[in-house]
Amino acid sequence: MMEKRVLMLHTGGTLGMSGRRPTPLKPDTYTHALLSHVPELRQLGHVEVRILCNLDSSNMTPARWMDVGTTLAEEHAKFDGFVVIHGTDTMAYTASACAFLLDGLRKPVIFTGSQRPLGETRSDARSNLVGAVELATKDIPEVGVFFDSQLFRGVRTVKSSVWEYDAFASPNCGPLAEVGVDLVIHDRVRRPSSPFKLAGGFESRVVCLELHPGFHPAILDSLVQNGVRGLVLRAYGSGNVPVVADLSLVPAIERAVKAGIAVVIVSQVQRGGVDLSLYESGAHARSAGAVDGGDLTTSAAVVKLMYALQGGGVEHVRALFGQDLRGEGGVPAGRVG
C-alpha cells in the first residue's frame, strides 16, 4: 500500500505558541519542532508542513479564508488529505468558509488546534495532531473540526469551552468520526455529488446582532444607512422578535429588505433552531422578508450569508438558504441531522 500524503497548513493559534505568547515561526524550525514533539506522525504517512500565516485566530478575515481555501484547492489533487492548524476562537468560521468554498470536495480537510501549546506539559496538541492526521488519511470527503477524540462537520461546529479539552460541540448533528481504541467513521459522512472546484468568495459587509430585551429598531436602520449588505439576527427561541409598539423590529426588517439588505434569523439557543411559522412574532418577521435560518449555527449562518451575497442579492440569499449546500442544515427546528 502506498504511503498516504498529508499536507498540514499552519495558520496560527495556541498549538504553535510558546507559553501564552506567539513567537515567530520559520518553516524548517517549525517542522522540526513539530515532528520532534510528535514523531508518531511519520508512522501515519508522509506529512508536509507549510506555514500560511501565524495569527491569533481573532485576526482571521474573509481574505485569509480565501488564502486557506485557494491553497487547499490548488493542492487537492496532490495529497490524500489535509490538516489545518488553527486557533480555536474562530475555527468554526474558517472551517465553514472552506466547506462552502470547496464544492465537490473529494479529500478530508481536518481543522484542529489545542487548548495548550504543543511544548507545554499536559498539552492536548499532541493527541489532536495525531488524530487529525490519521483522519486525514481516511475516506472522509468533508471539512471537519477534530478535537478531543471527536470529528465534527465544520459547518455544524461551535466552540463550547474556553478551559476544557473538549472545546467544541455540534449541537444539531452527531460526530462524523470518533477516535478511541478504534477509529469509527459514522455513516452521516457526506459524499460529493458534483465535480470538485473552488466556488465563490465572501462579501464582508455583514453584521451579526444578538437581540435582547429593549433592543431598539433604530440600530437596524442605522446599519442599513451605512452600507451593510446582510444582517444575521440572533433571535429568541424559534426565531421570535419583538412585535409590540415602538420596539417592534418588523418594520425595520421590512425597511432593510426593501433597501436590498438580506436579513437572516437564527436562534440564540444552540439545540433546535428557527421555525418562523411556529409563533406569530416569527411569522411577522418572515412576512417582512426575513430569511429562516433553521438550525444553522451562528458561524455557519454568517459565513453562508457572506458566501451567498457574493453571488447575488436578497432573492439569491433566500434561494441558497433554502438549500442544504454542505451539510450545514438550515431545516426547521426539531429535524436533527
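One structure accompanies this document, and this report is about it. All chains use their own residue numbering, which begins from 1 and follows the written sequence. Per-residue local features are limited, in this predicted model, to residues with pLDDT of at least 70; the limit for side-chain atom pairs, both in listing and counting, is 80 or more; totals at the level of whole chains, interfaces and linings are taken over all residues. Calculation of side-chain values draws on the structure's entire complement of heavy atoms; hydrogens and water are dropped beforehand.

**Details of the state of the cysteines**
For the purposes of this analysis, a disulfide is any pair of cysteine sulfur atoms at a distance within 2.5 Å. Evaluation of the coordinates by the stated rule reveals zero disulfides. Here Cys 173 stays free of any disulfide, with the sulfur of Cys 98 as its closest cysteine sulfur at 18 Å.

**Brief notes about helix H4 (residues 91-101)**
Within H4, 10 of the 11 residues are buried, which leaves it mostly tucked inside the rest of the structure. Listing the buried residues of H4 in full gives Met 91, Ala 92, Thr 94, Ala 95, Ser 96, Ala 97, Cys 98, Ala 99, Phe 100 and Leu 101. Think of it in three bands: residues with accessible area under 20% of the maximum for their type are buried, residues over 50% are exposed, and the middle band is partly exposed, with areas taken using a 1.4 Å probe on protein chains only. By the criteria applied, helices consist of DSSP H or I runs no shorter than four residues and strands consist of E runs no shorter than two, each listed in order from the N terminus.

**As for the layout of surface pockets**
Size it by volume and the second largest pocket reaches roughly 310 Å³. Cavities and pockets were defined on a 1 Å grid built from protein atoms only: a cavity is a group of points that admits a 1.4 Å probe but offers it no way out, a pocket is an open group of points flanked by protein on both sides within 12 Å along at least five of seven lines, and a lining residue is one with an atom within 4 Å of any such point. If you trace the second largest pocket, you find 22 residues lining it, with Val 158, Arg 234, Gln 270, Thr 297 and Thr 298 closest to the centre. Taken together, the elements giving at least two residues each to the lining of the second largest pocket come down to H4, strand E8 (158-159) and helix H9 (298-311). Here the nonpolar group is Ala, Val, Leu, Ile, Met, Phe, Trp, Tyr, Cys and Pro; Asp, Glu, Lys and Arg are the charged ones; every other residue, Gly included, is treated as polar. Here the lining of the second largest pocket is built from residues that sort into six nonpolar, 11 polar and five charged. Grid points are joined across faces, edges and corners, and a volume is the space filled by probe spheres set on the points.

**Considerations on the sheet that holds strand E13 (residues 206-210)**
Strand order in the open sheet made by the four strands is E13-E14-E15-E16, with parallel pairing throughout. At either margin of the open sheet sits one strand with a lone partner, and together these are E13 and strand E16 (291-292). Note: two strands are recorded as paired if DSSP finds a minimum of 2 bridges between them. Pairing of strand E15 (residues 262-267) with E16, which is carried by two bridges, proceeds in the parallel orientation. Bridge pairing in E16 places Val 264 opposite Val 291. Note on contacts: a residue pair qualifies if any of its non-hydrogen atoms lie within 4.5 Å across the two residues. Lines are fitted to the C-alpha atoms to define the axes, a helix being fitted only along its stretch in contact, and any angle between axes, read from their N-to-C directions, falls within 0 to 180 degrees. Across the sheet, H9 touches E13, strand E14 (230-235) and E15, and the angle it forms with E14 is around 160°.

**A closer look at the pairing of strand E1 (residues 5-12)**
Of all eight residues making up E1, seven are buried, and the element is well covered by its neighbours. As defined by bridge partners, E1 adjoins strand E2 (residues 46-55) across seven bridges and the pair is classed as parallel. Residue pairing for E2: Leu 9 is matched across the bridge by Arg 50. Sheet topology note: the E1/strand E3 (residues 81-85) ladder contains five bridges and is parallel. Bridge pairing in E3 links Leu 7 to Phe 82.

**Details of unusual backbone geometry**
In this structure, Asp 148 is a non-glycine residue whose phi angle is positive, near 50°. Along the chain, Asp 148 turns up in the loop between strand E6 (143-147) and strand E7 (150-153). In the Ramachandran plot, Ser 149 falls in the positive-phi region, its phi being about 80° despite a non-glycine side chain. Relative to the assigned elements, Ser 149 resides in the loop between E6 and E7. For Ser 149, a relative accessible area of 32% translates into the label partly exposed.

**Concerning the packing of H4 against H9**
In the contact formed by H4 and H9, the axes pass within 9 Å of each other and the chain directions differ by 40°. Here H4 is positioned oblique relative to H9, judged by the angle of their axes. Once H4 is placed against H9, the crossing between them reads as right-handed. On H9, the residues that touch Ala 92, Tyr 93, Ser 96, Ala 97 and Phe 100 of H4 are Thr 298, Ser 299, Ala 300, Val 302, Val 303, Lys 304 and Tyr 307. Residues of the contact of H4 with H9, tallied by class, amount to eight nonpolar, three polar and one charged. When an angle is under 35 degrees it counts as roughly parallel; over 145 it counts as roughly antiparallel; between 65 and 115 it counts as roughly perpendicular; any other value is oblique. Whether a crossing is left-handed or right-handed is set by the direction in which the near helix is turned from the far one by less than a right angle, anticlockwise for left-handed and clockwise for right-handed.

**Here we look at the packing of helix H3 (residues 62-74) against H4**
Running from amino to carboxyl end, H3 crosses H4 at an angle of 50°, the nearest separation of the two axes being 9 Å. Relative to H4, H3 is oriented oblique. For the crossing formed where H3 meets H4, the hand is right-handed. Along the contact surface, H3 presents Trp 65, Met 66, Val 68, Gly 69 and Leu 72, while H4 presents Tyr 93, Thr 94, Ala 97, Cys 98 and Leu 101. The residue inventory of the contact of H3 with H4, partitioned by class, reads eight nonpolar, two polar and no charged.

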